[in-house]
Amino acid sequence: MSNLSIRLIKQIYFKLPLLFKLLMSIFLFMLVFGFFIHLAEPNQFPSIFDGIWWAFITGATVGYGDFVPLTPIGKLITILLILTGGSLIAFYITSLAASTFRQEQAIEEGRVAFKGSNHLVLIGWNERSRQLIESIAQSNSHTRMVLIDTTLEHVSFSDYPVHFIQGDPTEDMVLKKANIHLADRVLITTDTAKNERDADNVTILTAVAIRGNNANVPIIAEIVSLTQIENARRAGATTIIRSNDFTSILFFHEIFRHKVSQPFEDILHLLTKQQFYHKEVEGELGDLTFQETIVLLSNKQQIPLGIIRNERYYVNPSPQFRLQKGDLLIILLPWNK
């Protein structure tokens, strides 16, 4: 064998994981002892495989007793195997347990890359993202989630069913560890520890980094400042969550509501049980009045709320409001639909 071949084999060997190298060493070790015991006592060990079987059973201190050496040389080989092979197998088992522990620790500390696809990437850890993770886990247990955060140091899968990636989401290396190019969608939540402008700047920069790694993935971005909405869209965000606007409207409704109403609780429970759906007006819906549309869709457990025409919203229009082809119906559907 040439020096080049030997050097290549060494390079391949030393690049192998430690556990795999240990396993190879054990197999080679047991093969050698199995071969020698077969040569020493061919009557007791008719084949090399019988010798290898005996070597593994003896080295693991199981000792079935189906193959027993009888000659002094066979017993000497057995003593050598017990003194060396038993410790080798024990070392392998100990290394396997330690490697498993280190792997689990690395996963919880966010140092292991995610290998799946069609997953949801959540960026930023706060109370909103925590509640979202719990809601998704309860209603869509099959959804795989990856959490990226730079402040967290440890996330246990038993506490939150997410694959945690520790790092800055504006860095390509961190996004690649989250397998961003195969993600189904991305949600960027605002950093509540920063002021509004800085938080929005980080969100926009994160959207740019994501879009650079995946040109088509839907990006849902939370923006605090009204002036940064267009910048977020330019950065590649497909949906803008304006948390301040939504909260302000809720405050307005709570302040001026009728005494018998509870706007916040109503909206909270509505969004928990129902989902919004946009349906294009076509076919049998064309040229119907809004009242006729309500009657038609109510049989399908669909509740029309209004329409969007030329990007203008008509919510709760008059019963005689007539639909046109190309309009978008705003419909409420149960989550299981």
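Owing to the predicted nature of the structure, the values given are computational and were not obtained by experimental measurement.

J.: Teacher, can you tell me more about the overall build of the protein here?
T.: Helix and strand content of the protein: eleven helices and ten strands. Taking 2.2 N^0.38 as the reference for a compact globule, 337 residues should give roughly 20 Å; the C-alpha atoms of the protein span a radius of gyration of 32 Å, well beyond that estimate. Buried residues in the protein amount to 37% of all 337 residues. Surface accessibility of the protein: about 21100 Å² in total, with carbon and sulfur atoms responsible for 59%.

J.: What is the right way to read the sheet that holds strand 9 (residues 312-315) from this model?
T.: Strands belonging to one sheet form pairs held by backbone hydrogen bonds; the direction of such a pair is parallel or antiparallel. Across the sheet, which stays open at both edges, the four strands sit in the order 7-10-8-9 with antiparallel pairing between neighbours. Two strands bound the open sheet, and with one partner strand each, they are strand 7 (274-280) and strand 9. On average, each strand axis in the sheet is tilted by 30° relative to the strand beside it, whichever way the strands run. Relative to strand 10 (residues 328-334), strand 8 (residues 303-309) is paired through five bridges, and the arrangement is antiparallel. By the bridge assignment for strand 10, G306 is matched with I330. Along the sheet, helix 11 (residues 290-298) makes contact with strand 8 and strand 10, crossing strand 8 at roughly 135°.

J.: How should the sheet that holds strand 3 (residues 163-166) be read in this particular structure?
T.: Read from one edge to the other, the open sheet built from six strands follows the order 3-2-1-4-5-6, with strand pairing classed as parallel. The two strands at the open ends of the sheet, each matched to only one other strand, are strand 3 and strand 6 (239-242). This sheet shows a mean twist of 20° between the axes of neighbouring strands, independent of strand direction. Looking at chain direction, strand 1 (residues 120-123) and strand 2 (residues 145-149) are connected through four bridges and run parallel. If you follow L120 over to strand 2, its bridge partner there is M145. Here helix 7 (residues 196-213) sits on the sheet in contact with strand 1, strand 4 (185-188) and strand 5 (219-223), set at roughly 170° to strand 5. The sheet strands contacting helix 9 (residues 243-256) are strand 5 and strand 6, and the helix crosses strand 6 at an angle near 45°.

J.: Please clarify how the environment of V32 should be interpreted in this entry.
T.: With respect to the secondary-structure elements, V32 resides in helix 2 (residues 18-40). A relative accessible area of 36% means that V32 is categorised as partly exposed. Once the C-alpha coordinates of V32 and I48 are considered, the two residues, 16 residues apart in sequence, prove to be 9.6 Å apart.

J.: Please clarify how the nonpolar core should be interpreted in this entry.
T.: Generally speaking, a soluble globular protein has its nonpolar side chains buried in company with each other. Judged by nonpolar contacts, the single largest core of 26 residues is most densely connected at V121, I123, I148, I180, V186, I188 and I210. Where this core is concerned, the elements lending two or more residues are strand 1, strand 2, helix 6 (172-177), strand 4, helix 7, strand 5 and helix 8 (229-235). Here V186 is in contact with V121, I123, I180, I210, V217, P218, I219 and I220, once residues within four sequence places are set aside.

Cut-offs used in this document
- Residues numbered from 1 in each chain as written.
- Predicted model: local features only at pLDDT ≥ 70, side-chain atom pairs only at ≥ 80, totals over all residues.
- Heavy atoms only, no water.
- Helix = DSSP H or I, 4+ residues; strand = E, 2+ residues; numbered from the N terminus.
- Rg over C-alpha atoms; globule rule 2.2 N^0.38 Å.
- Buried < 20%, exposed > 50% of the residue type's maximum accessible area, 1.4 Å probe, protein only.
- Areas by Shrake-Rupley, 256 points an atom, 1.4 Å probe, with all protein chains shown as cover.
- Pairing = 2+ DSSP bridges.
- Axes fitted to C-alpha atoms, helices over the stretch in contact; angles between N-to-C directions.
- Contact = heavy atoms within 4.5 Å.
- Core = buried A, V, L, I, M, F, W, Y, C linked by side-chain atoms within 4.5 Å.

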